[in-house]
Amino acid sequence: VKNIAVLTSGGDAPGMNAAIRAVVRACSYYEVECFGVYKGYEGLIHNEMEKLNARSVRNIINKGGTFLKSARSNDFRTEEGRKKAHDNLIKNSIDALIVIGGDGSFTGALKLSEEFNFPVVGIPGTIDNDINGTDYTIGYDTALNTVVEAIDKIRDTASSHNRLFLIEVMGRDAGDIALNAGIGAGAEEILIPEEDMGIDRLIESLRKSKKTGKTSSIIVVAEGDKSGKNIFELGEYVEENLEDYEVRVSVLGHIQRGGAPSCYDRVLASKLGVGAVETLLEGKSQVMIGIVHKQVTIVPLTTALGKRTHKHDRLIKVADITSV
Ligand code: F6P
């Protein structure tokens, strides 16, 4: 491998810049050329790339977002789009590709690799923490801290007004952000996609905690929760069915995707970026570099794209116990 390209794809995540930096610097260390592709697979299709050197990535380890930009490419879902992308890789003499992104990005990387026998390695970068085969994805820790900070602030006003707040957090189909930030911020209830609590049990539980002397409440709702209602409908339902509580709804939204990466995410991104380059130089392909029990681990992309095996049971119990 002599020329490696790197791109960021899908929803951006804090720490993507730190991962690009690590890739570029590892290339420099191992004396291979590194190309940065702009706007994810879109840039690959339109040949938007340039050579990067160790100095191109100065002063970015602390920056949120991705300086290479990111996109969700519809054209790359087509065979024709992937053919154009492959043609551009060959035209630029690139012989391996590193994709920093989530499951959609990995699906594209795997297809490209299978169709053209092209070496690819994935680095998990998404705030959702929803990738199988890695304990953490880049950006998740920062997003958790952002959410906890926001809920702490909402708690102040909830408590001053004796109000109940429903707070929607991101995570797509995964409840990791909701569950962990919910526990960290001391939420009374947490609704996640992996577990259907049932609205009536929710109302019952809130009623019970009111009786024990609680005067305000925080309910963290994952965007993919199973209540069957959107958060505003859920808010109305709770207000109608729960006596003496004024209800407010807050959707945290894209604030969760921005901001300076936490130290944890910067270190994780650095480890995975270096690991990705080393893995390509060892001749491996169609794998993801993840972290399992603090060890950098290589898993097939097919495993990364499979159903997650880890369970939330223990955390759900901890949340139940600590919110009585
Ligand atoms: O995958 C990251 C994520 O922020 C999800 O949590 C969310 O469902 C989605 O992306 C939002 O996507 P977009 O920024 O395209 O609206």
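Residues numbered from 1 in each chain as written. Predicted model: local features only at pLDDT ≥ 70, side-chain atom pairs only at ≥ 80, totals over all residues. Heavy atoms only, no water.

A. Layout of the site of the ligand. All residues adjacent to the ligand are Arg72, Thr126, Asp128, Met170, Gly171, Arg172, Glu223, His254 and Arg257. In this structure, arginine 72 approaches the ligand through a side-chain N or O atom, which is 3.0 Å from an oxygen atom. Here arginine 257 contributes a side-chain N or O atom positioned 2.8 Å from an oxygen atom of the ligand. Computed on the free molecule, the ligand has an accessible area of 400 Å², of which 74% lies beneath the protein chains in the complex. (Near = heavy atom within 4 Å. Polar contact = N/O pair within 3.5 Å; in protein donor to acceptor, adjacent residues only side chain to side chain. Areas by Shrake-Rupley, 256 points an atom, 1.4 Å probe, with all protein chains shown as cover.)

B. Layout of the UniProt feature "domain: Phosphofructokinase" (unreviewed entry) in the protein chain. What UniProt calls "domain: Phosphofructokinase" (unreviewed entry) maps, in this numbering, to residues 3–279. For residues 3–279, helix accounts for 43% and strand for 17%, while the C-alpha atoms at its two ends are 14 Å apart. (UniProt positions renumbered as here; feature names shortened; annotations may be inferred. Helix = DSSP H or I, 4+ residues; strand = E, 2+ residues; numbered from the N terminus.)

C. The arrangement of the UniProt feature "binding site: ATP" (unreviewed entry) in the protein chain in detail. Listed under "binding site: ATP" (unreviewed entry) in the UniProt record, and renumbered for this structure, are Gly11, Arg72, Ser73, Gly102, Asp103, Gly104 and Ser105. The largest pairwise C-alpha distance within this set of annotated residues, which runs over 95 residues, is 13.3 Å, so the set is compact in three dimensions. Topologically, serine 73 is positioned in the loop between strand 3 (49–52) and helix 3 (79–91). At a separation of 3.5 Å, a polar atom in the side chain of serine 73 contacts the main-chain amide nitrogen of aspartate 75. Taking relative accessible area as the criterion, serine 105 reaches 4% and is therefore assigned buried. (Buried < 20%, exposed > 50% of the residue type's maximum accessible area, 1.4 Å probe, protein only.)

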